[in-house]
Amino acid sequence: QVQLVESGGGLVQPGGSLRLSCAASGVIFNFYGMAWYRQAPGKQRELVAGITTRRSTNYADSVKGRFTISRDNARNTVYLQMNSLKPEDTAVYYCNRLNGTFGDYWGQGTQVTVSS
């Protein structure tokens, strides 16, 4: 049974940094492209960054140059390094498959709040 556990969120001032982690279990992690998504209050969930099995990456225009996605297949973990954070980055951040989900499963997410 798939399980995705996101962590690393918190409250940070504008311009600050956070590193999110997502530990996956119940899946053959290195078979899948992975991604980070976010959902802000009153908005639809959106793709933030993705990484393929060959470690090719892509980013939403709003985070290019500020966020970096990476993966550690030995630890079944995907990371999101977030720098130069802005108030508009405030959201709940989730990981899941790139361009899909594991069934209809979503983890609990991790809250990121950027505020002074």
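First, a word on what this report is: a plain description of the structure on this page. Note that the structure is a prediction, hence the values are computed from the model and not measured. (Residues numbered from 1 in each chain as written. Predicted model: local features only at pLDDT ≥ 70, side-chain atom pairs only at ≥ 80, totals over all residues. Heavy atoms only, no water.)

Observations regarding the environment of Ser-21
Here is step 1 of the chain: Mapped onto the elements, Ser-21 comes out in strand 3 (residues 18-25).
Here is step 2 of the chain: Residues Ser-21 and Ala-60 lie 39 residues apart in sequence; the distance between their C-alpha atoms is 19 Å.
Here is step 3 of the chain: Non-local contacts of Ser-21, meaning those with residues more than four positions away in its chain, are made with Val-5, Glu-6, Ser-7, Trp-36, Thr-77, Val-78 and Tyr-79. (Helix = DSSP H or I, 4+ residues; strand = E, 2+ residues; numbered from the N terminus. Contact = heavy atoms within 4.5 Å.)

As for the sheet that holds strand 9 (residues 91-97)
Here is step 1 of the chain: The mixed open sheet is built from six strands, whose spatial order is 2-10-9-4-5-6. On the outer flanks of this sheet lie strand 2 (10-12) and strand 6 (57-59), each paired with one strand and no other. The sheet shows a mean angle of 25 degrees between the axes of neighbouring strands, direction not considered. (Pairing = 2+ DSSP bridges. Axes fitted to C-alpha atoms, helices over the stretch in contact; angles between N-to-C directions.)

A short note on the state of the cysteines
Here is step 1 of the chain: All told, the structure shown has one disulfide when counted by the stated rule.
Here is step 2 of the chain: Each sulfur in the disulfide pair Cys-22 and Cys-95 lies 1.7 Å from the other. Taken together, the positions of Cys-22 in strand 3 and Cys-95 in strand 9 put the pair 73 residues apart, joining distant regions of the chain. As far as the burial class goes, Cys-22 and Cys-95 line up, both buried. (Disulfide = S-S within 2.5 Å. Buried < 20%, exposed > 50% of the residue type's maximum accessible area, 1.4 Å probe, protein only.)

Description of unusual backbone geometry
Here is step 1 of the chain: One non-glycine residue with positive phi stands out, namely Arg-55, at about 70 degrees.
Here is step 2 of the chain: A positive phi angle, near 50 degrees, is found at Asn-76, a position not held by glycine.
Here is step 3 of the chain: Along the chain, the position of Asn-76 falls in the loop between strand 7 (67-72) and strand 8 (77-82).
Here is step 4 of the chain: Among the residues examined, Asn-76 registers a relative accessible area of 24% and is labelled partly exposed.

Observations regarding the environment of Pro-14
Here is step 1 of the chain: Relative to the helices and strands, Pro-14 is located in the loop between strand 2 and strand 3.
Here is step 2 of the chain: Note on Pro-14: relative accessible area 41%, which makes it partly exposed.
Here is step 3 of the chain: C-alpha of Pro-14 to C-alpha of Ser-116: the two residues are 102 residues apart in sequence and 6.5 Å apart in space.
Here is step 4 of the chain: Each residue touching Pro-14, except ones within four places of it in the same chain, is listed here: Leu-85, Pro-87, Val-114, Ser-115 and Ser-116.

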